[in-house]
Amino acid sequence: MSQQVIPVYLMPGMAANPTIFEHIKLPEDQYQIHWLEWKIPEKNESISSYAKRICQDIKHDNPVLIGVSFGGILVQEISKLINTKKVIIVSSVKTKYELPKRMKLLKATKAYKILPTQLLSNIDLLAKYAFGNTITKRIELYKKYLSVSDKYYLDWAIEQVVCWEQEQPIDGVVHIHGDNDLVFPFSNLSDCITIKGGTHIMIINRYRWFNQNLPKLIA
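Okay, so let's go over this structure. None of the values given here were measured: they were computed from a predicted structure.

With that settled, the discussion passes to the environment of G13. Topologically, G13 is positioned in the loop between β1 (6-11) and β2 (31-35). Spatially, the C-alpha atoms of G13 and G67 are 7.3 Å apart, while their sequence positions differ by 54 residues. Residues contacting G13, with those up to four places away along its chain left out, are I20, W38, V68, S69, F70 and G71.

Shown next, in the form of C-alpha cells:
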C-alpha cells in the first residue's frame, strides 16, 4: 500500500506573504505543501475568531501546521479548533511569558494603541519592523516578502501578539528558534530546537536546514 501523502500548511509571519516559503521543499511523494495567507481582520475580531476563518482555507484532515513568528501564534490558535498531525512554530513563542520585555511593556501601558502603524505602509519601514534593523543592506530582497501593509491589519496583528494570553504551552508543539533572534530573544525561551546563529528570518536564509530536518520533525 502506498504511503498517504501528508498535507503541510505554512503560515507566514506578520505582514509577510507566503513566498517566504518559496525555498521550502519536502519530498513530494510524502508531503504536499499548501500556503496560507493573511486576511484583513474584521472589526474587533479576536484571534480565535480569526483562526476559525483561516481554518476555512485548510481543506485536509489532520494537517501539519507550520507557522513563522506571529504565524506561529496563529497556528497554535488553529490547533485548538481542528485536529492536527503536528504543529511546528518557527521564530515564535509558545506562551505570553516568552514575549520580550518591550512587548510586555507595550501591553501594560497600552502604548501599542498609539504606534504609528500608518508609517509602516512605507515598505522600507515595514521591512525593518518585521525583520529587524539588521537588514538595511538587503531591504530590496525582503520587499517582495512583505505585502500586507493595511493599517487596520497591522494595528490588529500587533495587538494580538502583545496581548496574547496563552498561559501554558500546547502539548506536542515543536518550537524551532535561532539563538540570534532579535524580535523574540532566545534568552526568554525554553524547550526549543536551537539553530546556532539563526535570526528571525531564518526560514528564508537557512531554508536548507528546514528542508533537511522538517521531515524528521514531522515524523
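Our focus in this paragraph is helix α2 (residues 70-78). Within α2, nine of the nine residues are buried, which leaves it mostly tucked inside the rest of the structure. All of the buried residues in α2 are F70, G71, G72, I73, L74, V75, Q76, E77 and I78. If you follow the buried residues of α2, they end up packed against β1, α1 (47-55), β3 (64-68), β4 (86-90) and α6 (151-162).

This paragraph deals with unusual backbone geometry. With the exception of glycine, most residues fall at negative phi, and the peptide bonds are largely trans. Located in the positive-phi region is N62, a residue other than glycine, with phi close to 50°. Residue N62 is classed as partly exposed on the basis of its relative accessible area, which comes to 42%. Non-glycine residue S91 carries a positive phi angle of around 55°. Among the structural elements, S91 can be located in the loop between β4 and α3 (101-109).

What follows deals with the pattern of salt bridges. Pairs may arise between side chains of opposite charge once their charged atoms sit close together. Overall, the coordinates contain 10 salt bridges when judged by the stated rule. The salt bridge partner of K39 is D57, with a shortest N-O separation of 2.9 Å. One end of the pair, K39, is in the loop between β2 and α1; the other, D57, is in the loop between α1 and β3, with 18 residues separating them in the sequence. For K39, a relative accessible area of 25% puts it in the partly exposed group. Measuring nitrogen to oxygen at the nearest pair gives 2.9 Å for the salt bridge that ties K94 to E98.

Rules used in this analysis
Residue indices follow the written sequence of each chain, beginning from 1 at its first position. Since the coordinates come from a predicted model, pLDDT governs what is reported: local features require at least 70, and pairs of side-chain atoms require 80 or more to be given and counted, while whole-chain, interface and lining totals use all residues. With hydrogens and water stripped out, all remaining heavy atoms of the structure feed into the side-chain values. Put simply, DSSP marks the helices as runs of H or I at least four residues long and the strands as runs of E at least two long, and each gets a number from the N terminus on. Residue contacts follow a heavy-atom distance rule, with two residues in contact if any of their heavy atoms lie within 4.5 Å. For each residue, the accessible area found with a 1.4 Å probe, counting protein chains only, is set against the maximum for its type, and the residue is called buried under 20%, exposed over 50%, and partly exposed in between. By definition here, a salt bridge exists when the distance from a side-chain nitrogen of Lys or Arg to a carboxyl oxygen of Asp or Glu is within 4 Å.

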